[in-house]
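Coordinate inspection notes
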Amino acid sequence: MRQLSLRQDLPRMEEDMSQSAVAEVSLQPAQPRRFLKPETQTAMLFLLPSFLGFMVFMAVPIVASLALSFTNWQLISTPSFVGFQNYIRLFTVDPAFYTVLRNTLFFAVEYLALNIIVSLTLAVWISSLKRGKAIFRVIFFLPTFTPTIAASVVWLLIFTPDGLADTIIRALGLGLPNFLLSSTWAMQAVVLVTLWANVGYNVVMFNAALDLVPKHYLEAATIDGANAWQRFWRIRLPLISPTIFFGTVMTAITSLQVFDEIFAMTRGGPGSATATLGFAIYQKGFTNFQMGYASALAWVMFVMIMALTILQFHMQRKWVHYDD
Amino acid sequence: MTIDPASRHPHSVSQHRHRILRRVGTVVSYAGLSLIALLFLFPFFWMVSNAVRSNAEVMAVPVRIFPEEYHWGTFVEALVSLPFGIFVLNSFVVACGVTAIVIAVSCLSAYAFARLKFPGREGLLLTYLSTLMIPQVMLVIPLFLIVSKLGWINTYHGMILPVAFSSFGTFLLRQFILGIPKDLDEAAMMDGASRLRILVTVIVPLAMPAIGLLSLFTFIAQWKSFLWPLIATSGVEKATLPLGLTLFQTQQGTAWNYIMAGATISMLPGVVLAIVLQRVIYKGITVSSGFGGR
């Protein structure tokens, strides 16, 4: 895989890449006006559509979202600047915010841990097979290609009172309440459905990485007397750790944003047992029309995602091994 | 030389036992994984199995695994009498529209980033890339304001344009184009071809594997998409399939068989694509996981 090149090509430098300069953000004063080089003109034309889209549907919204988070805009009234009031209200006045934060973190931690454990187990299991790998990969991958809402609606039917889940729970004599009606169990149902719907992506990715581990490493270890367990922990796991890292980061980013399952299955309930940040932002913005407050919530989510990603990049030094 | 049976026999017995153990292990391994796979597939079965029941039977209290009677007509009724047919059309228009724009825009920008030199190239590329970390809900509120100010609520372009400019495609295609030999561009340039012509006649055909993968992932992502269609539309007229499923969940909360039929219809393209293109997807995921450092 080619590395993302951070080189800034010097003007007039020939094709020789080895001579390129090291990354450098050019902050030189504007040069005297000259006609742009034809290549630059072509580049600008080629980039125009994506740049326009980027500005209108990315850059402007990001800035607008930040600006909105400092206003009290409720869609009908004219917005007025309220400083940090939304953020202060979040952390001090709004009793629901800590519930939402706790739900979000609870979901993210449990879901992330289960996703990595389950996907790694299934990936190792599949890669140990001689035949039929593709069939199992497709089966576990199928839910990731189906609309989350459709999956959630099917699970909603499974969890409906006196439905299939209740029948099984009763038959097994487990004495559990209906998951979606119980404030302690509703979140477990959401975790289960999200896991079912998304675990396949990591299964396939980890399986691919495991299959790429060079056979002769494992053979050499076997000759040295390593058993299957040692070969897994000492050789295969370290070799696929960059892929596990990538999967963990991506899964963490998406888990903090969970929305579809909650909208379709619980609408944040019962009570506020499954109200996560993603759902709270939608609710505050599009049901209560508190756009300013919802934007502040969205920035809290963004900061959480950034913090978690930075933390993971920081921790990767401890457990991720790179060949080169 | 005499063969001492006592010295050979135990050895072959242990080898034999070893082989049997290994075979038993293989059988257990396949059986266990197959069981998990069946549990994994069960919701699909439950969906179809309930789509073909009468609604009374869906709600009947001792739950039956297989339907008492098969009402295959539910699928047609869901498509015709409930507007699931319109939802299918809307989903297709939006998913295809986004995919077409993503491919066109990404090809142009990826070529510029991979082949053309211009001041500020790396900085712009990094800026594009950094947007991949922005959570969707953060953009949704201002995008709703922009789209409603433009009067684009409940229009196809309002549903398509705001989500058609992800920089993921630019990055994916750029990585692929970097791997295409530059000599090919130069040869075409000698023949007097313009950059656009080179992109269309030389690069695009060679980048087809990456473009195909990007189309597939974009189409499926849009087909699955829920939050933006939910916000950019009101009512049933422009609703996409996932949206339609939740609309009927509240408005006609009891029509579970129709909802299951709708869910089945909404899952079909993904299931078919996942099975038919499993090799391509597997390769694509292997490649994209390469961003992780492999």
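1. Some words on the overall build of chain B
Helix and strand counts for chain B come out as 15 helices and zero strands. Relative to the globule expectation of 19 Å for 294 residues, the C-alpha radius of gyration of chain B, 27 Å, shows a markedly less compact shape. Taking the principal axes of its C-alpha atoms as reference, chain B extends roughly 90 × 65 × 35 Å. The burial tally for chain B puts 52% of its 294 residues in the buried class. For chain B, the share of sequence-separated contacts (at least 6 apart) that also reach a separation of at least 24 residues comes to 70%.

2. Overview of the nonpolar core
Among the nonpolar cores identified, the biggest contains 200 residues, and Phe140(A), Phe159(A) and Met260(B) are the most heavily contacted of them. In this structure Met260(B) touches Val153(A), Val154(A), Leu157(A), Met47(B), Asn50(B) and Ala51(B), once residues within four positions along its chain are discounted.

3. A word on helix α5 (residues 148-158) of chain A
Of all 11 residues that make up α5(A), 11 are buried, and the element is covered over most of its length. If you check which residues of α5(A) are buried, you get Thr148(A), Ile149(A), Ala150(A), Ala151(A), Ser152(A), Val153(A), Val154(A), Trp155(A), Leu156(A), Leu157(A) and Ile158(A).

4. Quick look at the interface of chain A and chain B
Accessible area lost during the coming together of the parts is what is often quoted as the interface size. The interface is formed by 105 residues belonging to chain A together with 107 residues belonging to chain B. Taking both sides of the interface into account, the surface hidden between chain A and chain B amounts to around 9400 Å²; carbon and sulfur atoms contribute 77%. Counting across the interface, chain A meets chain B through one salt bridge. For the salt bridge of Arg195(B) with Glu39(A), the shortest nitrogen-to-oxygen distance reads 3.8 Å. Put simply, chain A and chain B have 10 residue pairs in polar contact (both at pLDDT 80 or more) between them. Taken together, the residues of the side of chain A that touches chain B break down into 72 nonpolar, 20 polar and 13 charged.

5. Examining the packing of aromatic side chains
Centre-to-centre distance and the angle between the planes together describe a pair of aromatic rings. One pass over the structure, following the stated rule, counts 43 aromatic pairs over all chains. Seen in terms of ring centroids, Phe286(A) and Phe144(B) are 5.2 Å apart; in terms of plane orientation they differ by 85°. Their pairing is edge-to-face. Placement of the pair is Phe286(A) in helix α11 (residues 277-287) and Phe144(B) in helix α6 (residues 136-149), with the two residues belonging to separate chains. With centroids separated by 6.1 Å and ring planes inclined at 45°, the aromatic side chains of Phe113(B) and Phe118(B) adopt a geometry described as tilted. For Phe113(B), a relative accessible area of 1% puts it in the buried group. Here the aromatic cluster, defined as three or more aromatic residues joined through ring pairs, consists of Phe140(A), Trp155(A), Phe159(A), Phe179(A), Trp185(A), Trp196(A), Phe40(B) and Phe44(B). For the cation-ring pair, Arg267(A) lies above Phe263(A), with the distance from its terminal atom to the ring centre recorded as 4.0 Å. Directly above the ring of Tyr156(B) sits Lys238(B), whose terminal nitrogen or CZ lies 4.8 Å from the centroid.

6. Quick look at the confidence of the model for chain B
Residues and elements named next belong to chain B. Here chain B averages 87 in pLDDT, while 92% of its residues score no lower than 70. Scored below 50 in pLDDT, residues 290-294 makes 17 contacts in the model with residues more than four places away or belonging to other chains. Taken together, the chains of this predicted complex give a pTM of 0.86 and an interface ipTM of 0.88.

7. Topic: the pattern of salt bridges
For the coordinates displayed, the defined rule picks out nine salt bridges over all chains. The partner of Glu237(B) in a salt bridge is Lys238(B), with the nearest N and O atoms 3.8 Å apart. Here the residues in one salt-bridge network are Lys133(A), Arg137(A) and Asp211(A), joined through shared partners.

8. Brief notes about the state of the cysteines
Residue and element names in this part refer to chain B. By the definition in use, this model includes zero disulfides over all chains. Left unpaired, cysteine 96 is separated from the closest cysteine sulfur, that of cysteine 107, by 17 Å. Taking the relative accessible area as the measure of exposure, cysteine 96 reaches 39% and is therefore partly exposed. What makes cysteine 107 buried here is its relative accessible area of 11%.

9. Describing empty space enclosed by the protein
This structure, assessed with the given rule, holds four cavities of 30 Å³ or more. Size it by volume and the largest cavity reaches roughly 70 Å³. What lines the largest cavity is simply Arg137(A), Val138(A), Phe141(A), Val204(A), Ala274(B), Gln278(B), Ile281(B) and Tyr282(B). At the level of secondary structure, the elements contributing two or more residues to the lining of the largest cavity comprise α4 (133-141) of chain A together with α15 (278-288) of chain B. Residue composition of the lining of the largest cavity, by class: six nonpolar, one polar and one charged. Computed from the structure, the second largest cavity encloses a volume of approximately 50 Å³. Mapped onto the lining of the second largest cavity, the elements with two or more residues apiece are α1 (38-68) of chain A together with α4 (84-115) of chain B. Counting residues per element, the lining of the second largest cavity draws most heavily on α4(B), at three residues. Classifying every residue of the lining of the second largest cavity by side-chain character gives six nonpolar, five polar and no charged.

10. A short note on unusual backbone geometry
The peptide bond linking Gly269(A) to Pro270(A) adopts the cis configuration, its omega dihedral lying at -5°. Note that Pro270(A) resides in the loop between α10 (260-265) and α11. Despite not being glycine, Asn154(B) shows a phi value in the positive range, around 65°. Structurally, the position occupied by Asn154(B) is in the loop between α6 and α7 (156-160).

The rules we used
- For every chain, the first residue of its written sequence is number 1, and the numbers climb from 1 along that sequence.
- Throughout, the order in which chains and ligands are written sets their labels, letters from A for the former and numbers from 1 for the latter.
- Reporting of local features is limited, given that this is a predicted model, to residues whose pLDDT is at least 70; pairs of side-chain atoms are given and counted only at 80 or more, and all residues count toward the totals for whole chains, interfaces and linings.
- Side-chain numbers come from the whole structure's heavy atoms, not from hydrogens or water.
- Secondary structure elements are taken from DSSP: a helix is a run of H or I of four residues or more, a strand is a run of E of two residues or more, and numbering for both begins at the N terminus.
- Atoms counted for the radius of gyration: C-alpha only. Globule rule: 2.2 Å times residue count to the power 0.38.
- The classification of residues rests on relative accessible area computed with a 1.4 Å probe and restricted to protein chains. Under 20% of the type maximum is buried, over 50% is exposed, and intermediate values are partly exposed.
- Residue contacts are counted whenever heavy atoms from the two residues lie within 4.5 Å of one another.
- Nonpolar core, defined: a set of buried Ala, Val, Leu, Ile, Met, Phe, Trp, Tyr and Cys residues in which side-chain atoms within 4.5 Å join the residues together.
- Here the quantity called buried area is the accessible surface, traced with a 1.4 Å probe, that two parts lose on coming together, added over both.
- Salt-bridge detection follows one rule: a side-chain nitrogen of Lys or Arg within 4 Å of a carboxyl oxygen of Asp or Glu.
- Whenever a nitrogen or oxygen atom comes within 3.5 Å of another N or O atom, the pair is scored as a polar contact, on the condition that within protein one atom can donate a hydrogen and the other can accept it, and that pairs from neighbouring residues in sequence are kept only if both atoms are in side chains.
- Following the grouping adopted for this structure description, the nonpolar residues are Ala, Val, Leu, Ile, Met, Phe, Trp, Tyr, Cys and Pro, the charged ones are Asp, Glu, Lys and Arg, and the polar ones are all others, Gly among them.
- Here is the rule: rings of Phe, Tyr and Trp (six-membered ring for Trp) pair when centre to centre is within 6.5 Å. Planes less than 30 degrees apart are stacked, more than 60 are edge-to-face, and the remainder are tilted.
- Consider the ring centre and the ring normal. A charge sits over the ring if Lys NZ or Arg CZ is within 6 Å of that centre and within 35 degrees of that normal.
- Confidence scores here are pLDDT values: one per residue, from the predictor, ranging 0 to 100.
- The definition used for a disulfide is geometric: two cysteine sulfur atoms within 2.5 Å.
- A pocket here means an open set of points on a 1 Å grid, computed over the protein atoms alone, that has protein on both sides within 12 Å along at least five of seven lines. A cavity is instead a set of points where a 1.4 Å probe fits but cannot get out; residues with an atom within 4 Å of a point line either one.
- Grid points are joined across faces, edges and corners, and a volume is the space filled by probe spheres set on the points.

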